[in-house]
Amino acid sequence: MADHPLRFALYRALLQQAPRIRLPDDLATAWGPRNPIQHLIRRAFRRNRTDTSPRLVYPALKAGYEILARLRSAAVQSSSSPSDLTPSSHYASILSFLRARLEERNRTLEAKKLHPPHSRNPPIPSSAPLLETVPLLVNVTPAPTKRNPNPKPVYATPSRPRPLSELGGTGRRKIPQLDMASDFPFLRTKKPQPRVLNRVLTQKMEIRIGRTRTVKKFNDELIFNAELEDNWERSVAALLKKKGSSRMRIASPDVQAARLGAQAITGDFKMGDTFRQTFFLHGITYLQALLNAEREDQVARADAMRRLIDEETALAEQEKVQETAERRKRREAKILELHGEGWNESLPDPKTRGMEIHSPTHSPTRNQPPVSKIRVAS
């Protein structure tokens, strides 16, 4: 129905007629603050807005004008008393249609709650951490003291490694792998990678890349602009000093103001309070300190992860030895149950097994042929 001249007139007439129909309270507020009839009209026109074929447009316009006539009749009937209404009236048919659509809407919403992945509009899984999530790394950096005002960050893993009884799945310990995403270390513990880990790593990389680019821009471009501002200040100070040293207008307020301005600019340069110095301290140095502190923090995190991997590896080897010993005990117990006591005495000694077969008296030497093949000269 796109670009059809009669569509807009019909659309406006239907929307203007819809509020004139009085609806019960349960239907009037079922779709929220909006009018349910207007909402359904907008949805129908939005669904068919791409139709341009006359084969589809003209039947749709005909049905639309029939609905408009029913709405006008229902508006007149809704103002009359309920005793005058009949089940076949237009007002009653509109109410039954709205109740049917409301039941369908409620069924759809309940189905979305029960089976959100299979709904038409499944919710996007959240990447926010769960409330019951236990952090892997805990910051245990010591408090700053006079001797060490800036202690290096230290991290610990109080919740890992977990005991064998708390391991799920196959019950075997899986050693995590230490990996790097740009400058940020992290542990690969399972597949697929959690969404919250993707989000955190992406945000950290974007922040670090932005700070690095800002420092580069400061060093390559903006620091020279600050130097130009200092040169401008020097030129202004020289002009003010020249103006303040004039003897002809020594008592003029302008001359005194020029002297004070020149003294202020000269004092700033002597104290090092220049545009370049301010820009360097509060821009470049500040960002570099942030980047260095972030690097030290990531190094401390990597050390904690490496220690965790060492502990997990040691526990995995210990549990493997224990599992082998327990398997051997179970196998021996099963053989004992089948063959009874002394089952191992009937087995040949592995040290003497096969000595009769490979005796030196029966085996030929490497250079001597078998006795049966030696010919005696006549």
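Everything that follows concerns the structure shown earlier in this document.
Residues numbered from 1 in each chain as written. Predicted model: local features only at pLDDT ≥ 70, side-chain atom pairs only at ≥ 80, totals over all residues. Heavy atoms only, no water.

### Some thoughts on the overall build of the protein
Logical step 1: The secondary structure content of the protein amounts to eight helices and four strands.
Logical step 2: Counting across all 378 residues of the protein, residues that qualify as buried make up 21%.
Logical step 3: Taking contacts inside the protein between residues at least 6 apart in sequence as the whole, the part at least 24 apart equals 64%. (Helix = DSSP H or I, 4+ residues; strand = E, 2+ residues; numbered from the N terminus. Buried < 20%, exposed > 50% of the residue type's maximum accessible area, 1.4 Å probe, protein only. Contact = heavy atoms within 4.5 Å.)

### As for the pattern of salt bridges
Logical step 1: One pass over the full model with this rule turns up 15 salt bridges.
Logical step 2: A salt bridge links Arg172 to Glu323, with the nearest nitrogen and oxygen atoms 3.8 Å apart. A residue pair is termed long-range when its members are at least 10 positions apart, and Arg172 in the loop between strand S2 (155-156) and strand S3 (177-181) and Glu323 in helix H8 (residues 275-339) qualify at 151 residues.
Logical step 3: Exposure remark for Arg172: the relative accessible area of 56% places this residue in the exposed category. (Salt bridge = Lys/Arg side-chain N within 4 Å of Asp/Glu carboxyl O.)

### Brief notes about the pairing of S3
Logical step 1: In terms of strand pairing, S3 meets strand S4 (residues 184-188) through five bridges, oriented antiparallel. Of the residues in S4, the one forming a bridge with Gln177 is Arg188. (Pairing = 2+ DSSP bridges.)

### Considering the nonpolar core
Logical step 1: Counting 24 residues, the largest nonpolar core has Leu14, Ile21, Ile37, Ile41, Leu71, Ile94 and Leu98 as its most contacted members.
Logical step 2: The set of elements that each furnish at least two residues to this core consists of helix H1 (5-17), helix H3 (36-47), helix H4 (54-78) and helix H5 (90-114).
Logical step 3: Sort the elements by how many residues they give to this core and H4 lands first, with six residues.
Logical step 4: Ignoring sequence-local partners within four residues, the contact set of Ile21 consists of Ile37, Leu71, Ala74, Ala75, Ser78, Tyr91 and Ile94. (Core = buried A, V, L, I, M, F, W, Y, C linked by side-chain atoms within 4.5 Å.)

### Some thoughts on the environment of Lys242
Logical step 1: Residue placement: Lys242 occurs in helix H6 (residues 195-244).
Logical step 2: When the C-alpha atoms of Lys242 and Ala262 are compared, they prove to be 9.1 Å apart, with 20 residues separating the residues in sequence.

### Let's talk about a positive patch on the surface
Logical step 1: A grouping of Arg34, Arg42, Arg43, Arg46, Arg47 and Arg49 is seen on the molecular surface, where their side chains present a positively charged patch.
Logical step 2: Inspection of the secondary structure assignment puts Arg46 in helix H3. (Patch = residues over 30% accessible without salt bridge, like charges linked within 9 Å, V, L, I, M, F, W, Y side chains within 5 Å. Areas by Shrake-Rupley, 256 points an atom, 1.4 Å probe, with all protein chains shown as cover. Lys, Arg positive; Asp, Glu negative; His and termini not counted. Charge placed at Lys NZ, Arg CZ, Asp CG, Glu CD.)

### Quick word on the side chain of Glu294
Logical step 1: Considering the arrangement of structural elements, one finds Glu294 in helix H8.
Logical step 2: Among the polar contacts listed, one links the side chain of Glu294 to the side chain of Arg208, at a separation of 2.6 Å.
Logical step 3: Leaving out residues up to four positions away in the same chain, Glu294 has contacts with Phe184, Arg208 and Arg211. (Polar contact = N/O pair within 3.5 Å; in protein donor to acceptor, adjacent residues only side chain to side chain.)

### What to know about the packing of H4 against H5
Logical step 1: Orientation of H4 relative to H5, taken along the N-to-C sense of each, is 105°, at an axis distance of 7 Å. With respect to each other, H4 and H5 are oriented roughly perpendicular. From H4, Arg70, Leu71, Ser73, Ala74, Gln77 and Ser78 reach across to H5, where they touch His90, Tyr91 and Ile94.
Logical step 2: Its residues placed into classes, the contact of H4 with H5 shows four nonpolar, four polar and one charged. (Axes fitted to C-alpha atoms, helices over the stretch in contact; angles between N-to-C directions. Parallel < 35°, antiparallel > 145°, perpendicular 65-115°, else oblique. Nonpolar A, V, L, I, M, F, W, Y, C, P; charged D, E, K, R; others polar.)

### Focus on H8
Logical step 1: Taking 1.5 Å of rise per residue, 65 residues should cover 96 Å, and H8 covers 94 Å from first to last C-alpha, within 8% of that figure.
Logical step 2: Along H8, the helix axis deviates most sharply at Leu281, where the bend reaches about 30°.
Logical step 3: Gly340 lies just past H8 and shows a positive phi near 80°. (Expected span 1.5 Å × (residues − 1). Bend = angle between axes of the 7 residues up to and from the residue.)

### Observations concerning the pairing of S4
Logical step 1: Burial analysis of S4 places four of its five residues in the buried class, which makes it a mostly covered element.
Logical step 2: Adjacent in sequence and paired antiparallel, S3 and S4 are bridged by two residues, among which Ser182 carries a positive phi angle near 60°.

### Things to note about the packing of aromatic side chains
Logical step 1: For the coordinates displayed, the defined rule picks out two aromatic pairs.
Logical step 2: Measuring from centroid to centroid gives 4.8 Å for Phe218 and Phe279, while their planes differ by 65°, and the two rings are edge-to-face. One end of the pair, Phe218, is in helix H6; the other, Phe279, is in helix H8, and 61 residues separate them in sequence.
Logical step 3: For Phe218, a relative accessible area of 15% gives the class buried. (Phe/Tyr/Trp six-rings, centres within 6.5 Å; stacked < 30°, edge-to-face > 60°.)

### Focus on H5
Logical step 1: With 25 residues, H5 extends 36 Å from end C-alpha to end C-alpha; this agrees with the ideal 36 Å at 1.5 Å per step.
Logical step 2: Residues of H5 that are buried: Tyr91, Ile94, Leu95, Leu98 and Leu102.
Logical step 3: If you follow the buried residues of H5, they end up packed against helix H2 (25-28), H3 and H4.

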